[in-house]
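# A structural walkthrough
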Amino acid sequence: MLEEREVSFPPAHTAEHLLNQVMIRLFGCERSYNAHIERKKSKMSFRLEHKPSRQEEKEIERQMAQLIADDLPVTFEYCTLETLPEGFNPDRLPADAGDEIRLVRIGDFDVCPCIGKHVRSTSQIGRFEMLGTNWDEYERSFRVRFKIV
């Protein structure tokens, strides 16, 4: 099993999990294909069918604020490659993941294999502040820039 990876800012890393699931539920997309998570500013990119409207962007912010306020517990459990949660692509795991996979569960909202550091509950994240977005029509890519305050 891989050791827990150092992450510069656990609140932003936990918010990354929430934002992934918000995007999946709102747009039917996959988890972010490119993420850069840091204390000062983070960014995540998603492949989408359409450019989100301003109302959809506001809904992302609203859902993130609600999930943080809901104070969902962040827990860990372990599984094997054979018992990964339904819908998770094992190809996204690193080659050296080993036989035992750590799952990070955020209430009943999200579960995902991860070795990073996280907060104990979503209320410890702080405030999610969307700094801006970019849409690349050719790549059908939507980038969300945010910070945790």
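Let me sum up the structure you'll find in this document. (Residues numbered from 1 in each chain as written. Predicted model: local features only at pLDDT ≥ 70, side-chain atom pairs only at ≥ 80, totals over all residues. Heavy atoms only, no water.)

### As for the pattern of salt bridges
Where side chains of opposite charge bring their charged atoms close, a pairing between them can arise. For the record, the criterion: For this analysis, a salt bridge means a side-chain nitrogen from Lys or Arg found within 4 Å of a carboxyl oxygen belonging to Asp or Glu.
Using the criterion set out here, one finds eight salt bridges in the structure. Residue Glu-137 pairs with Arg-140 through a salt bridge whose shortest N-O separation is 2.3 Å. Overlapping salt bridges, with partners in common, bring together Arg-127, Glu-129 and Lys-147 in one network.

### Digging into the state of the cysteines
As a reminder of what qualifies: Counting rule for disulfides: a pair of cysteine sulfur atoms within 2.5 Å. Burial classes follow relative accessibility: with a 1.4 Å probe on protein chains only, a residue under 20% of its type's maximum area counts as buried, one over 50% as exposed, and anything between as partly exposed.
For the coordinates displayed, the defined rule picks out zero disulfides. No disulfide involves Cys-79; its nearest neighbouring cysteine sulfur is the one of Cys-112, lying 11 Å away. Cys-79 sits in the buried class, given a relative accessible area of 9%. Sulfur of Cys-112: no disulfide; nearest cysteine sulfur belongs to Cys-114 and is 6.4 Å away.

### Let's talk about the environment of Gly-107
As a reminder, the rule being used: Under the DSSP-based scheme used, a helix requires at least four consecutive residues in state H or I and a strand at least two consecutive residues in state E, with every element numbered from the N terminus. Any pair of residues with heavy atoms lying within 4.5 Å of one another is described as a contacting pair.
Among the structural elements, Gly-107 can be located in the loop between strand E4 (100-106) and strand E5 (110-113). Here Gly-107 falls in the buried class, since its relative accessible area comes to 13%. As for Gly-107 and Asp-70, which are separated by 37 residues in sequence, their C-alpha atoms are 9.5 Å apart. Filtering out sequence-adjacent residues up to four positions away, Gly-107 remains in contact with Leu-72 and Pro-73.

### Looking at the sheet that holds E5
Convention followed: A pair of strands counts as paired when DSSP detects no fewer than two bridges linking them. Helix axes are fitted to C-alpha atoms over the stretch in contact, other axes to C-alpha atoms as well, and angles between N-to-C directions run from 0 to 180 degrees.
One open sheet accounts for three strands, arranged E3-E4-E5; its pairing is antiparallel. Among the strands making up the open sheet, the edge pair consists of strand E3 (74-80) and E5. Recorded for the sheet is a direction-independent mean angle of 25° between the axes of neighbouring strands. Helix-sheet contacts for helix H1 (residues 10-27) involve E3, E4 and E5, and the interaxial angle to E4 is about 75°.

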